[in-house]
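Here are the chains, one letter per residue:
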Amino acid sequence: MSLYVEAARVLKEPGVSLKQKVYNRKKPLRSSPGRLYALLAGYMDHEEQVKAIVKEVGSFNIKGDKDAAVLVVYDLLFNRKGISASKNHPPPFIKEILKLETRLRNIYDKVVGENANTEADLSPVRWFRLNSLKVQDDQVLKWFPSLELVEQFPGPKQIMKDKYVDGLYGVSPEYGSTLKKNKHYIEGEIILQDRASCFPAELLNPKSGWCVVDACAAPGNKTTHVASKLIHTGGSVIAFEKDPQRARILQNNLKLHGADQLVETRVQDFLAQTEDRNVKGLIVDPSCSGSGIYGRGNKAELDPERLIRLAAFQSKILKHALTTFPEAECVVYSTCSYHDVENEGVVCEVLQDEEIAQNWMLASRDEALPEWPRRGNRELFEEFNMDPSLAESLIRVERGTDGGIGFFAAKFVRKHYNTEPEWQGFSD
Ligand SMILES: C[S@@+](CC[C@H](N)C(=O)[O-])C[C@H]1O[C@@H](n2cnc3c(N)ncnc32)[C@H](O)[C@@H]1O
C-alpha cells in the first residue's frame with residue numbers, strides 16, 4: 001500500500017489527535033510513522049488551499065482513492081522535497097496527477113502564490129495580454145464579440161484596450177474569472193498578466209537582435225513578454241531561475257506560450273553568472289515582500305527586519321546586473337511591493353556605488369513611459385542627498401486605484417550610450 005493510500009486511511013480514522021492516531025495505534029503502519037505524520041500534519045495546515053486547488057483544476061478525475069490523490073497534490077505543491085514515489089515508474093494514480101502538474105502549479109500560484117486573490121481583495125481589472133509569439137494579428141475583439149469596447153475600467157460586459165502596453169486588454173474581475181476556461185487561454189494565445197507586470201518589458205523595449213537576460217524569471221510572464229518583442233529579430237533571452245521547482249513551471253510556461261525556442265533557461269543562481277559581453281539588456285524582478293499583490297494584505301509591514309533583508313538581497317542582485325555585463329545598455333528593476341525600502345531605497349542605494357554611478361544613470365521620464373502619471377517617491381532621494389527630480393524617472397503603480405497590483409519599476413541606461421560622444425581631438 002502506498003504512503004498516500006495509508007495516510008488517507010489514517011486521516012479518516014477516529015482519534016483525539018493526529019499524534020495519537022499515528023504513534024499510539026494498535027495496528028502497525030507499513031509506512032514510516034515519521035514520514036506519514038509529517039505528510040498529514042503538513043496537509044492539515046494547508047487543507048483549505050489544497051482543496052481549493054483540487055476543486056479549481058476541474059478535470060481532476062483520478063481512478064482509485066481520491067483522498068490519497070489529494071495528499072499527493074499536497075506533497076507535489078507544498079512539500080519542498082516533492083512527492084514520495086519513483087520519478088521513472090510512479091504508480092498509475094500518481095502518473096495521472098503528474099500529467100496535470102503544470103495546471104496544478106499555475107493554480108497554486110493563483111491560490112497561494114504571486115497572483116493570490118481573495119474574495120474581499122480583488123483587482124478591479126483582470127488584464128490579459130495577446131501572446132504575439134503565437135498569434136500575429138490582434139483578433140482579440142473578434143474572440144470576445146459579446147463584450148463592448150470601452151475606454152475606462154470595464155464593467156461585466158465590457159473590455160478595454162490598454163494605451164500603455166500593446167496587445168493588452170482589461171475585463172471585469174467577474175468576466176476575468178471565466179478566462180481560464182477560454183480556449184485561447186488554454187492554448188497559450190492569451191496570457192493573464194497584470195498591466196503593471198508588463199511595464200518592465202515595455203521599459204526595456206529591446207532593440208532588434210538583442211540578447212536579454214531575465215535574472216529572476218519564474219513563472220515567466222516577463223520572460224515571454226520580452227521574448228515576444230524579440231521574435232524574428234535574431235534576438236534571444238536567457239532566463240535565470242534558481243529554484244528547480246519554479247524553473248519547471250517556467251519551462252512549461254515557455255513551451256505553452258511558444259517561447260522555448262527563443263529562451264534558454266538556466267536553473268542557477270543569477271549571482272553566480274560571470275561576465276558576458278553578449279548581453280545587451282536585463283530585467284531584474286527579484287523576490288520581494290509582494291505587498292502590492294492582492295491577497296497578501298499588509299503582512300510584510302509586520303516584519304521590518306524581513307524588509308531590510310529583502311532590500312539587501314535586491315540591491316545585491318541589481319548591482320550584479322549592473323556590473324557583470326559590460327555591453328549591456330539597459331537594465332530594468334522592478335518589484336510588486338509598495339515599500340520604499342525595496343523600491344526607491346534600492347535604486348538610491350545602488351546609485352551610491354561609485355563604479356555603478358560612473359557607468360549608469362536613470363533613464364529620463366521621456367524614455368520611461370512618459371504618459372504614466374504616477375512617478376517615484378521624491379523623499380527617498382532627499383534622504384540619500386540625491387536630486388529629488390530623479391523620482392520622475394521612476395514608475396509607481398498603486399494597488400487598486402491604478403487598476404491592478406501595486407508595482408514599482410526603474411529603468412537604468414548606460415551613460416556611454418546616452419550621452420553625446422566626447423570630443424576626442426582636433427578636426428578640420
Ligand atoms: C518575483 S519572482 C519573478 C517573477 C517573474 N519575473 C515573472 O514576472 O513571472 C522572483 C523569482 O526569482 C527567483 N530567484 C530569487 N533569487 C534568485 C537568484 N539569486 N537567481 C535566480 N533566481 C532567483 C525566485 O525563485 C522567484 O522565482
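Worth saying up front: this structure is predicted, and the values here are computed from it rather than measured.

Draft legend 1. Region of the structure containing the UniProt feature "active site" (unreviewed entry) in the protein. Feature annotation in UniProt places "active site" (unreviewed entry) on Cys336, given in this structure's numbering. Beyond its immediate chain neighbours, meaning those up to four positions away, cysteine 336 contacts Cys288, Gly290, Ser291, Gly292, Ile293, Ile405, Gly406 and Phe407.

Draft legend 2. Inspection of the UniProt feature "binding site: S-adenosyl-L-methionine" (unreviewed entry) in the protein at higher detail. The UniProt record annotates "binding site: S-adenosyl-L-methionine" (unreviewed entry) at Cys216, Ala217, Ala218, Pro219, Gly220, Asn221, Lys222, Glu241, Asp269 and Asp285. Mapping aspartate 269 onto the fold places it in the loop between strand S8 (263-266) and strand S9 (279-284). For aspartate 269, a relative accessible area of 32% translates into the label partly exposed. For aspartate 269, the side chain forms a polar contact with the main-chain nitrogen of leucine 271, separated by 2.8 Å.

Draft legend 3. Representation of the pattern of salt bridges in the model. Applying the stated criterion to the full structure yields 22 salt bridges. Across the pair glutamate 202 and lysine 229 runs a salt bridge, and its minimum N-O distance is 2.9 Å. Here lysine 229 lies in the loop between helix H12 (221-228) and strand S7 (236-240) and glutamate 202 lies in helix H11 (residues 195-204), a separation of 27 residues in the sequence. A residue is classified by how much of its surface remains accessible, and glutamate 202, at 17% relative accessible area, is buried. Judged by its relative accessible area of 25%, lysine 229 is partly exposed. Here glutamate 349 ties to lysine 319 by a salt bridge, and the two come within 3.4 Å at their closest N and O atoms. Remark: lysine 319 occurs in helix H14 (residues 304-323) and glutamate 349 occurs in helix H15 (residues 344-351); sequence separation between them is 30 residues. With a relative accessible area of 23%, lysine 319 lands in the partly exposed category. Among the ionic contacts, a cluster of salt bridges with common partners joins Glu101, Arg105 and Arg248.

Draft legend 4. Spatial organisation of the site of the ligand. Within the structure, the ligand sits among 21 residues, and Lys222, Glu241, Arg246, Asp269 and Asp285 are positioned closest to it. Alanine 218 has a polar backbone atom sitting 3.5 Å from an oxygen atom of the ligand. Alone, the ligand offers 610 Å² of accessible surface; in the complex the protein occludes 95% of this. Contributing elements (two or more residues each) for the shell around the ligand: H12 and H14. Residues of the shell around the ligand, tallied by class, amount to nine nonpolar, four polar and eight charged.

Draft legend 5. Quick look at the side chain of glutamine 193. Within the secondary structure layout, glutamine 193 lies in the loop between strand S5 (190-192) and H11. On the basis of relative accessibility, which here comes to 1%, the residue glutamine 193 falls in the buried class. One polar contact links glutamine 193 to serine 197, side chain to side chain, over a distance of 3.0 Å. If we skip the residues at most four places from it in the chain, glutamine 193 touches Trp127, Phe128, Arg129, Leu168, Cys198, Asn221, Lys222 and His225.

Draft legend 6. Focus on the domain arrangement of the protein. Taken domain by domain, the protein consists of domain 1 (3-111), domain 2 (126-193) and domain 3 (196-418). Here domain 1 and domain 3 have C-alpha centroids that lie 37 Å from each other. On the side of domain 3, eight residues touch domain 1, which itself brings nine residues to the contact. Across the domain 1 to domain 3 interface the summed buried area is about 690 Å²; carbon plus sulfur atoms make up 34%. Its largest share of buried area at the contact with domain 3, domain 1 owes to Thr102, Arg105 and Asp109, together 55% of the area lost on that side. In this structure, glutamate 101 and arginine 248 form a salt bridge, with 2.9 Å as the shortest nitrogen-oxygen distance. Seen at the junction of domain 1 and domain 3, the total is three residue pairs in polar contact (both at pLDDT 80 or more). The class makeup of the residues in the side of domain 1 that touches domain 3 is one nonpolar, four polar and four charged.

Criteria and thresholds
- Residues numbered from 1 in each chain as written.
- Predicted model: local features only at pLDDT ≥ 70, side-chain atom pairs only at ≥ 80, totals over all residues.
- Heavy atoms only, no water.
- UniProt positions renumbered as here; feature names shortened; annotations may be inferred.
- Contact = heavy atoms within 4.5 Å.
- Helix = DSSP H or I, 4+ residues; strand = E, 2+ residues; numbered from the N terminus.
- Buried < 20%, exposed > 50% of the residue type's maximum accessible area, 1.4 Å probe, protein only.
- Polar contact = N/O pair within 3.5 Å; in protein donor to acceptor, adjacent residues only side chain to side chain.
- Salt bridge = Lys/Arg side-chain N within 4 Å of Asp/Glu carboxyl O.
- Near = heavy atom within 4 Å.
- Areas by Shrake-Rupley, 256 points an atom, 1.4 Å probe, with all protein chains shown as cover.
- Nonpolar A, V, L, I, M, F, W, Y, C, P; charged D, E, K, R; others polar.
- Domains from an automatic or database assignment.
- Buried area = accessible area lost by both parts, 1.4 Å probe.

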